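So you can see what is in the structure, the chains are spelled out below.
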Amino acid sequence: MFARVSTYGTGPETISDAPSEDIINRALEIPGCKGIYYLRGKGAGKDLSITLWDSEDSMTASRETANKIRTETSAAEGTQILAVEEFEVTASSFKD
């Protein structure tokens, strides 16, 4: 599995503290996307989104579409895109 982590700068002009259902659905419709997390920073002026991908090829192929969604969402919600990084997920575990 692979992950793309986007970092957003937030401030008083930020309209929302989470992406809309439409934005989430657009991301999940990209081939190979397995999930999305959105993390709201506590007073740090920074939020993160993490998208999970079934393969490096899927993540690579999604870049153009993901960039478009990220740019449109950032403009609409009053955030600034600070960084976009890609990672291989080498371990994961969830507890019920």
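Scroll up for the structure.
This text gives an overview of the structure that appears in the document. (Residues numbered from 1 in each chain as written. Predicted model: local features only at pLDDT ≥ 70, side-chain atom pairs only at ≥ 80, totals over all residues. Heavy atoms only, no water.)

## Details of the nonpolar core
One recurring pattern in soluble globular proteins is that nonpolar side chains are buried together. F2, I23, I30, C33, W53, M59 and I69 form the largest nonpolar core, which has seven residues in total. Ignoring any residue separated from it by four or fewer positions in sequence, one finds I69 in contact with I23, R26, A27 and I30. (Core = buried A, V, L, I, M, F, W, Y, C linked by side-chain atoms within 4.5 Å. Buried < 20%, exposed > 50% of the residue type's maximum accessible area, 1.4 Å probe, protein only. Contact = heavy atoms within 4.5 Å.)

## Regarding a nonpolar patch on the surface
A grouping of Y37, L39 and F94 is seen on the molecular surface, where their side chains present a nonpolar patch of about 340 Å² in accessible area. Mapped onto the secondary structure, L39 falls in strand β2 (residues 33–40). (Patch = residues over 30% accessible without salt bridge, like charges linked within 9 Å, V, L, I, M, F, W, Y side chains within 5 Å. Areas by Shrake-Rupley, 256 points an atom, 1.4 Å probe, with all protein chains shown as cover. Salt bridge = Lys/Arg side-chain N within 4 Å of Asp/Glu carboxyl O. Helix = DSSP H or I, 4+ residues; strand = E, 2+ residues; numbered from the N terminus.)

## Points about the packing of helix α1 (residues 21–28) against helix α3 (residues 63–77)
Look at α1 against α3: their axes get within 10 Å of each other, and the N-to-C directions meet at 170°. Classified by the interaxial angle, the pair formed by α1 and α3 is roughly antiparallel. Where α1 approaches α3, its residues I23, R26 and A27 are matched on the opposing element by I69, E72 and T73. In terms of residue class, the contact of α1 with α3 is made up of three nonpolar, one polar and two charged. (Axes fitted to C-alpha atoms, helices over the stretch in contact; angles between N-to-C directions. Parallel < 35°, antiparallel > 145°, perpendicular 65-115°, else oblique. Nonpolar A, V, L, I, M, F, W, Y, C, P; charged D, E, K, R; others polar.)

## Brief notes about α3
For α3, built from 15 residues, the straight-helix expectation of 21 Å at 1.5 Å per residue is met to within 8% by its first-to-last C-alpha distance of 21 Å. Along α3, the residues classified as buried are A66, I69, R70, T73, S74 and E77. Along the axis of α3, the buried residues cluster in a sector spanning 125°; they form a single face. Opposite its buried face, α3 presents the exposed residues E64, K68, A75 and A76, each directed more than 90 degrees away. Here the buried face of α3 lies against β1 (2–9), α1 and β4 (80–88). (Expected span 1.5 Å × (residues − 1). Arc of directions from axis to C-beta.)

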